[in-house]
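Descriptive analysis of the structure
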Amino acid sequence: MIERRTLLTGSAAVAGALWATGPTASSALATGRSVPEVRAPSGPFRHGVASGDPLPNAVLLWTRVTPTDASLPGSGAGPRVTVSWQVAADPDFRRVLAKGSTVTGPERDHTVKVDAAGLAAGTAYFYRFSLGGAHSPVGRTRTAPAATASPDRLRLAVVSCSNWEAGYFSAYRHLAVRGDLDAVLHLGDYLYEYGTGTYAHGQGNRVIRPHEPVHEMVSLADYRQRHAQYKTDPDLQALHAAAPWVTTWDDHESANDAWSDGAENHQSGDGDWATRKAAARTAYDEWMPVRMSGTAAVGDGAQLYRHLQFGRLADLTMLDLRSYRSRQVEPTEMAAVADPSRTITGEAQMQYLKDRLVENDAVWKLVGNPVMVSPVLFPPLDQHVAGPVVDMTGLLPPDGVAYNVDQWDGYTADRRELIDFIADRGVANTVFLTGDIHSGWACELPVDPGTYPLSRTAGVELVATSVTSNNLDDITGSPPRTSSLAVENAIMTSNRHVKHLDFDSHGYSVLTITAREAQMDWYVVSDRADRAATSTWSTGWRVAVGTNTLARATGAAR
């Protein structure tokens, strides 16, 4: 099985073999925005506030209370208490439009999740919680546009792979002060399961700030404590309070390279996998502003894949690519990646995705996709010759040798089913938004990788880099934009549908959508180990409506 560390280390070996120095990164445009430090609150609301999964008439609100000093996350201690909430039209709460109260206690780790309903579509609101006369920080959220509305613009932050031990969350700080985000899309690895020093900063795994608990999280108490620690980060709190989030999990919310019945980072000494998996998902349900099985109630469902609609401009389907997938193939089993009995989505989720792609009338069909769907193959094979080659040798998968079998490349029957469906049904303007791989990519999605660019494209894929997790130059120890260039050129030469690849940068992306085009902008933070890191615009790629082709942008979308 190939995990992220192994994958990037393999790329580092390629870089050493193909060493080619090159120009430094093209000049980036500084944002020029000063960002004040935000301090995490004290008192009963130590973990801030959050909102998520915006609907036209409702939005989910979240917080966690610490009613006594003994009521620490994961402790199972403390009383049951009643927490009140308010939604207002103004930050001073002179015009309260909705309010209520709910009971929480140690059985749910003193977390609070409520669905604030009866709200107006496409409207900004302010919200807060209170306990015993103490108020939480004020959060700002926004409902989705009405289903029949045609908004001029939709702007989403796109982030993934935020490892506490590898650096500070400066990317969140820069996003929090923008003031123009409709929502934040987190595509997985919101937190990491490893014990302290196992997977931290760079070659030596330098611990920028240690995990709590210090050991690998396995039990429910462990997962609760780690979620709580991440939500003490002031920059994370600031972004949660600035806009609603739409999240999905990848593997590190439970364990590295997770699949339906196990994980690479789960050994016999870690106990029963089903118990660990349930613990991870209970903590996620409690601590994240997300609806499971369509409800804000904790424990009422386990389905994370879902969709959100932003008027007639965009429909967003969020995928869960860990719960239903088959085990990843071993290096000696590469031909098995095309086995139709193996799946990454599961049958029900695949049908759900296909239904969403054809049943909505939105201009843009967005897919929140935790791992890359674009083929990265050596070499990409023409479909007309791939079959005979496989029949003769039994050694190669039909599309070519996969770069990373933890991605859709390891489940090519599912990918072929999906891509053929999009192409055959004429689904227009499909954009896959992806995380996981700690690097920035812009790809066209070929129907036949072996004959691209002569063959059709079924959409595009835009991949956000990591907030802090290690990428290629971190592992090689080489200066950014030097040795990595050889690896990037090798991949792009063999996979011509890959238009942009950056293996070195950390930061965030911003997706701007109009009825005419969609543009992803990549922003780079100066130093993830610096709490005061600056942010610069690196590059942008856009796709015009109806084209399925990418073009480089001359500047950030306005």
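Use the structure listed above.
Reference entry: report on the structure contained in this document. All values reported here derive from a predicted model rather than from experimental measurement. (Residues numbered from 1 in each chain as written. Predicted model: local features only at pLDDT ≥ 70, side-chain atom pairs only at ≥ 80, totals over all residues. Heavy atoms only, no water.)

All right, on to the pattern of salt bridges then. Overall, the coordinates contain 29 salt bridges when judged by the stated rule. Linking Arg80 and Glu107 is a salt bridge whose minimum nitrogen-to-oxygen distance equals 3.3 Å. Of this pair, Arg80 sits in the loop between strand E3 (58-64) and strand E4 (81-88) while Glu107 sits in the loop between strand E5 (96-104) and strand E6 (111-117), placing them 27 residues apart in sequence. A residue is classified by how much of its surface remains accessible, and Arg80, at 56% relative accessible area, is exposed. Through salt bridges with shared partners, one network takes in Asp250, Asp251, Arg322, Arg325 and Asp406. (Salt bridge = Lys/Arg side-chain N within 4 Å of Asp/Glu carboxyl O. Helix = DSSP H or I, 4+ residues; strand = E, 2+ residues; numbered from the N terminus. Buried < 20%, exposed > 50% of the residue type's maximum accessible area, 1.4 Å probe, protein only.)

Helix length check: helix H6 (residues 347-359), at 13 residues, gives a terminal C-alpha distance of 18 Å against a target of 18 Å (1.5 Å per residue), a fit within 8%. Burial in H6 covers these residues: Gln349, Met350, Leu353, Lys354, Arg356 and Leu357. All buried residues of H6 lie within an arc of 160 degrees about the axis, which places them on one face of the element. Looking at H6, the residues exposed on the side facing more than 90 degrees away from the buried face are Glu347, Ala348 and Glu359. As for H6, its buried residues are in contact with strand E15 (306-310), strand E16 (314-318), strand E17 (364-369), helix H8 (412-424) and strand E20 (430-434). (Expected span 1.5 Å × (residues − 1). Arc of directions from axis to C-beta. Contact = heavy atoms within 4.5 Å.)

Grouped together as the largest cluster of nonpolar side chains are 40 residues, with contacts concentrated most on Tyr172, Leu175, Val184 and Leu239. At the level of secondary structure, the elements contributing two or more residues to this core comprise strand E10 (154-159), helix H2 (170-176), helix H3 (220-230), helix H4 (234-242), helix H5 (273-287), strand E24 (507-513) and strand E25 (517-525). Ignoring anything within four residues of it in the chain, the contact list for Tyr172 reads Val159, Ser162, His186, Asp235, Leu236, Leu239, Trp245 and Val467. Within the second largest apolar cluster, 30 residues are counted, among which are Ala183, Leu433, Ala464 and Trp522. (Core = buried A, V, L, I, M, F, W, Y, C linked by side-chain atoms within 4.5 Å.)

Looking now at the packing of aromatic side chains. The description of an aromatic ring pair rests on the distance of the ring centres and on the angle between the ring planes. For the structure shown, the criterion picks out 15 aromatic pairs. Between Phe169 and Tyr172, the ring centres sit 5.2 Å apart and the planes meet at 65 degrees, which makes this aromatic pair edge-to-face. Each member of the pair Phe169 and Tyr172 is classed as buried. Note on Tyr305 and Tyr324: the rings are 6.0 Å apart at their centroids and 75 degrees apart in plane angle, and the pair reads as edge-to-face. Of the two residues, Tyr305 is situated in the loop between H5 and E15 and Tyr324 in the loop between E16 and H6; the sequence distance between them amounts to 19 residues. With relative accessibility at 31%, the residue Tyr324 sits in the partly exposed group. Within the aromatic cluster, the residues linked to one another by ring pairs are Trp164, Phe169, Tyr172, Tyr190, Tyr230 and Trp245. Over the face of the ring belonging to Trp164 we find Arg209, whose NZ or CZ atom lies 3.7 Å from the ring centre. Over the ring of Phe169 we find Arg209; its NZ or CZ atom is 4.7 Å from the centre of that ring. (Phe/Tyr/Trp six-rings, centres within 6.5 Å; stacked < 30°, edge-to-face > 60°. Lys NZ or Arg CZ within 6 Å of the ring centre and 35° of its normal.)

Another point: the sheet that holds E17. Judged by pairing direction, the sheet is mixed, and its seven strands sit side by side in the order E15-E16-E17-E20-E22-E21-E23 without closing on themselves. Two strands close off the open sheet at either side, each with one partner strand: E15 and strand E23 (498-502). When the angles between neighbouring strand axes are averaged without regard to direction, this sheet yields 20 degrees. Note: strand E21 (residues 440-446) against strand E22 (residues 457-463), five bridges, orientation antiparallel. Looking at the pairing, Pro446 lines up with Thr457 of E22. Running at roughly 165 degrees to E23, helix H10 (residues 484-494) makes contact with E21 and E23 of the sheet. (Pairing = 2+ DSSP bridges. Axes fitted to C-alpha atoms, helices over the stretch in contact; angles between N-to-C directions.)

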